[in-house]
Number of protein chains: 2
Amino acid sequence: MPATSPAREKCRTCRLHSLCLPRELPQGDTSELARIVQTRRPMKRGTYVLQAGGHFQSIFAVRTGSVKTSTLLPSGDEHISGFHLPGEILGLDAIASRSHPSTSVTLETSHVCEIPFTELEHLSERIPALQRQLLRIMSRELSTEQSTTHLLARRSAEQRLAMVLLDFSQRFANRGLSARHFRLPMSRSDLANYLGLAPETMSRTFRRLEARGLLSIAGKAVVILDPIALAELVDGASGGS
Amino acid sequence: MPATSPAREKCRTCRLHSLCLPRELPQGDTSELARIVQTRRPMKRGTYVLQAGGHFQSIFAVRTGSVKTSTLLPSGDEHISGFHLPGEILGLDAIASRSHPSTSVTLETSHVCEIPFTELEHLSERIPALQRQLLRIMSRELSTEQSTTHLLARRSAEQRLAMVLLDFSQRFANRGLSARHFRLPMSRSDLANYLGLAPETMSRTFRRLEARGLLSIAGKAVVILDPIALAELVDGASGGS
DNA sequence: CGCATACTTGACTCTATTCAAGGTTAGTGG
DNA sequence: CCACTAACCTTGAATAGAGTCAAGTATGCG
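None of the values given here were measured: they were computed from a predicted structure.

**Q** Help me understand the domain arrangement of chain A in this model?
**A** How big an interface is tends to be stated in terms of accessible area lost as the parts join. All names here are of chain A. Domain annotation of chain A identifies domain 1 (3-150) and domain 2 (156-235). Facing 16 residues of domain 1, the contacting portion of domain 2 comprises twelve residues. Across the domain 1/domain 2 interface, buried area totals approximately 1,300 Å², and carbon plus sulfur atoms make up 56% of it. Looking at the side of domain 1 facing domain 2, the largest losses of area belong to Ile80, Phe83 and Leu85, adding up to 43% of the total buried there. Between domain 1 and domain 2 we count four salt bridges in total. Among the salt bridges present, the one from Glu88 reaches Arg171, with a minimum N-O distance of 3.0 Å. Here domain 1 is connected to domain 2 by seven residue pairs in polar contact (both at pLDDT 80 or more).

Structure (structure tokens):
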């Protein structure tokens, strides 16, 4: 019989622990954390992980699958603020206001872990490494958001698409998957919405990049054919030097 | 002779303490915090508070004046990611990477407080309320960034301008200043850059809103004449219902 | 007072949007 | 396994909003 119960092992043995909350935590602290983490049954596509306006109680970690986060604007249309892959944390934007400013929905069948925030706060009072990790994650989230902002400001449709594809390529690679062949989990119109473009523009832009031999796309399956040219497209910027 | 030294008083007696780090901290804890806060001599317009690529050591709080934060894109042009008013914190996006992803410069003569981060972390291990406040500030920052993203995605020049003016109006009001008459601290082209617009478009958009009687602008002085119409313009969204 | 910078204005161009229609895919039920 | 339906995606033509280029005007600093 092992010294630690299966529940205490779940974070340590999770393939994602080096990307997720337990990152860089000593093993003992990881077990402590695992005790308050609630794993849930799989959620099928289109299930709400959290809803805008709802009372903030927990943060969530994506374990498998993928999630999109969006806000309903007063005008009635939604704006998608991000897509989340395994190991990424949801709900951190609700700490200040104690209620969720945005809604998160699964894009496919997904496993999500729930971490009750009050317990996490108490735990991090006892475990300074956990407190530091929380701050690090939020800080990383902040710079990611800033990159998204740069993505939208004064960039052409081609640049936006190139940026987001390279971003996904990188994130898949971080998860041990191929950086060149992957499957986008969201619909074209979700991606268009995220990039601040019309779906039609998205479609045409895909074709144009395909015609130039930078990538190939069939449905949701993407193949990056020329990552260097894509990166140059991004860096080339508005004016171009 | 008072029980606490002047240094220990500086945060408690600062007019901004209810907006800044000490917010909701008990008085004793505020004094503890004040001990590690370094106030500096005024910085004149155009001084770097922190520079992209620089080693992360401290976060900074604006005490008077204003600051802009920008990133130099690989293409050579800069993108301004935010403007900071008194009581706002700079540098939180550097915690994860331990080096600043962006550059912050004063827009006018400003006072800035420096808070060494290692000391702040140690202090917050002893003071749970301070830890909570740090997380709250970062969370608030996250939702602010998300609003900026919404601002840029698929909104017209008019809507972007209306949004940013209402945002400043609100932030000035929070600082006890007029919500209707204020002075924008940045240049037109900085504002245009922030909104992802060409300076010329900015200029024309100001004129158009002025012609419709929504506001009046003379140099950097803005008067909001019809806040309701401005808000409706923002909410009216792309399609309009 | 003069120079430099910042701002404005006009004319033209171009990219992305909109509207409209047709084609594909995926998921459902027989 | 196939047929059917409803999303989803693509394509085309016309339009509009913002960008660019270029010149002129205000503003402020030395």
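Additional details are given in the paragraphs that follow.
**Q** Can you help me understand the UniProt feature "domain: Cyclic nucleotide-binding" (unreviewed entry) in chain A in this one?
**A** Sites flagged by UniProt as "domain: Cyclic nucleotide-binding" (unreviewed entry) map to residues 21-104 of chain A. Span residues 21-104 of chain A is 12% helix and 35% strand, its end C-alpha atoms 19 Å apart.

**Q** Looking at this structure, how should I read the UniProt feature "domain: HTH crp-type" (unreviewed entry) in chain A?
**A** Mapped onto this structure's residue numbering, the UniProt feature "domain: HTH crp-type" (unreviewed entry) falls at residues 155-228 of chain A. In residues 155-228 of chain A, the share of helix is 55% and the share of strand is 15%. The end C-alpha atoms are 18 Å apart.

**Q** How should the protein's contact with DNA strand D be read in this particular structure?
**A** Inspection of the region around DNA strand D gives 16 residues, with Ser203 and Arg207 of chain A together with Ala157, Thr201 and Arg204 of chain B positioned closest. Near the protein, meaning within 4 Å, the atoms of DNA strand D are sugar or phosphate in a fraction of 62%, with bases accounting for the rest. Counting residues per element, the ones that place at least two in the surface near DNA strand D are α6 (188-195) and α7 (199-211) of chain A together with α7 (199-211) of chain B. The element contributing the most residues to the surface near DNA strand D is α7 of chain A, with four residues. Of the residues that constitute the surface near DNA strand D, the class distribution is three nonpolar, six polar and seven charged.

**Q** I keep staring at the sheet that holds strand β10 (residues 215-218) of chain A and nothing clicks. Help me out?
**A** The pairing of strands in a sheet happens through backbone hydrogen bonds and is either parallel or antiparallel. Residues and elements named next belong to chain A. Read across the sheet, three strands follow the order β9-β11-β10 without closing on themselves; strand pairing throughout is antiparallel. Both outer strands of the open sheet, β9 (181-183) and β10, are each paired with one neighbouring strand and no more. Mean inter-strand twist for the sheet, computed between neighbouring axes without regard to direction, equals 15°. Judged from the three bridges that link them, β9 and strand β11 (residues 221-224) form a sheet pairing that is antiparallel. Each residue of the ladder has a partner; that of Phe182, found in β11, is Val222.

**Q** I tried to follow the protein's contact with DNA strand C on my own but got confused; where do I start?
**A** Around DNA strand C, the structure places 16 residues, and the nearest of them are Ala157, Thr201 and Arg204 of chain A together with Ser203 and Arg207 of chain B. A share of 58% of the atoms of DNA strand C within 4 Å of the protein falls on sugar and phosphate groups. Within the side chain of Arg204 of chain A, a nitrogen or oxygen atom sits 2.8 Å from a base oxygen of DNA strand C. The set of elements that each furnish at least two residues to the surface near DNA strand C consists of α7 of chain A together with α6 (188-195) and α7 of chain B. Sort the elements by how many residues they give to the surface near DNA strand C and α7 of chain B lands first, with four residues.

**Q** Looking at this structure, I do not really get the environment of Ala218 of chain B. What am I missing?
**A** Residue and element names in this part refer to chain B. As for its position among the elements, Ala218 is in strand β10 (residues 215-218). Classification of Ala218 as exposed rests on a relative accessible area of 56%. When the C-alpha positions of Ala218 and Arg183 are compared, they lie 9.5 Å apart, and in sequence the two are 35 residues distant.

**Q** What is the right way to read the sheet that holds strand β4 (residues 67-72) of chain B from this model?
**A** Residues and elements named next belong to chain B. One open sheet accounts for four strands, arranged β2-β7-β4-β5; its pairing is antiparallel. Each end of this open sheet is capped by a strand with a single partner; those strands are β2 (48-50) and β5 (78-84). Across the sheet, the axes of successive neighbouring strands diverge by a mean angle of 30°, strand direction being ignored. Of the pairings in the sheet, the one linking β2 to strand β7 (residues 103-106) comprises two bridges and is antiparallel in character. Paired with Leu50 across the strands is Ser104, a residue of β7.

**Q** Can you help me understand the side chain of His100 of chain A in this one?
**A** With respect to the secondary-structure elements, His100 of chain A resides in the loop between β6 (89-90) and β7 (103-106). Leaving out residues up to four positions away in the same chain, His100 of chain A has contacts with Leu50, Gln51, Ala52, Gly53, Gly54, His55, Phe56, Ser58, Gly91 and Ala94 of chain A.

**Q** Explanation requested: the relation of the copies chain A and chain B in the structure shown.
**A** Here the second copy of the chain follows from the first by a rotation about an axis and a shift along it. Under the fitted operation, chain A is carried onto chain B by 0.0 Å of movement along the axis and a turn of 180°, and the coordinates agree to an RMSD of 0.0 Å. Such a combination of turn and shift is consistent with a two-fold rotation axis. Among all C-alpha atoms of chain A, that of Thr149 of chain A lies closest to the rotation axis, at 2.7 Å. In this assembly, 100% of the residues forming the interface of chain A have copies in chain B that are likewise at the interface, indicating an isologous arrangement.

**Q** Can you help me understand the side chain of His84 of chain A in this one?
**A** Residues and elements named next belong to chain A. Structurally, His84 can be placed in strand β5 (residues 78-84). Polar contacts involving the side chain of His84 include one to the side chain of Thr69, which spans 2.7 Å. With residues up to four places along the chain from it excluded, the contact list for His84 reads Val62, Gly65, Ser66, Val67, Lys68, Thr69, Leu90 and Arg171.

**Q** Is there a simple way to think about α7 of chain B in this case?
**A** An α-helix turns once every 3.6 residues. As a result, residues three or four positions apart point the same way. All names here are of chain B. Over its 13 residues, α7 extends 18 Å from the first C-alpha to the last, a length consistent with the 18 Å expected when each residue adds 1.5 Å. For α7, the set of buried residues is Met202, Thr205, Phe206 and Leu209. The buried residues of α7 occupy an angular sector of 105° when projected down its axis, which confines them to one face. In α7, the exposed positions angled more than 90 degrees off the buried face are occupied by Arg204, Arg207 and Ala211. Summarising the contacts, the buried residues of α7 are in contact with α5 (157-174), α6, β10 and α8 (227-235).

The rules behind these values
- Residues numbered from 1 in each chain as written.
- Chains lettered and ligands numbered in written order.
- Predicted model: local features only at pLDDT ≥ 70, side-chain atom pairs only at ≥ 80, totals over all residues.
- Heavy atoms only, no water.
- Domains from an automatic or database assignment.
- Contact = heavy atoms within 4.5 Å.
- Buried area = accessible area lost by both parts, 1.4 Å probe.
- Salt bridge = Lys/Arg side-chain N within 4 Å of Asp/Glu carboxyl O.
- Polar contact = N/O pair within 3.5 Å; in protein donor to acceptor, adjacent residues only side chain to side chain.
- UniProt positions renumbered as here; feature names shortened; annotations may be inferred.
- Helix = DSSP H or I, 4+ residues; strand = E, 2+ residues; numbered from the N terminus.
- Near = heavy atom within 4 Å.
- Nonpolar A, V, L, I, M, F, W, Y, C, P; charged D, E, K, R; others polar.
- Pairing = 2+ DSSP bridges.
- Axes fitted to C-alpha atoms, helices over the stretch in contact; angles between N-to-C directions.
- Buried < 20%, exposed > 50% of the residue type's maximum accessible area, 1.4 Å probe, protein only.
- Least-squares fit on C-alpha atoms with pLDDT ≥ 70 in both.
- Expected span 1.5 Å × (residues − 1).
- Arc of directions from axis to C-beta.

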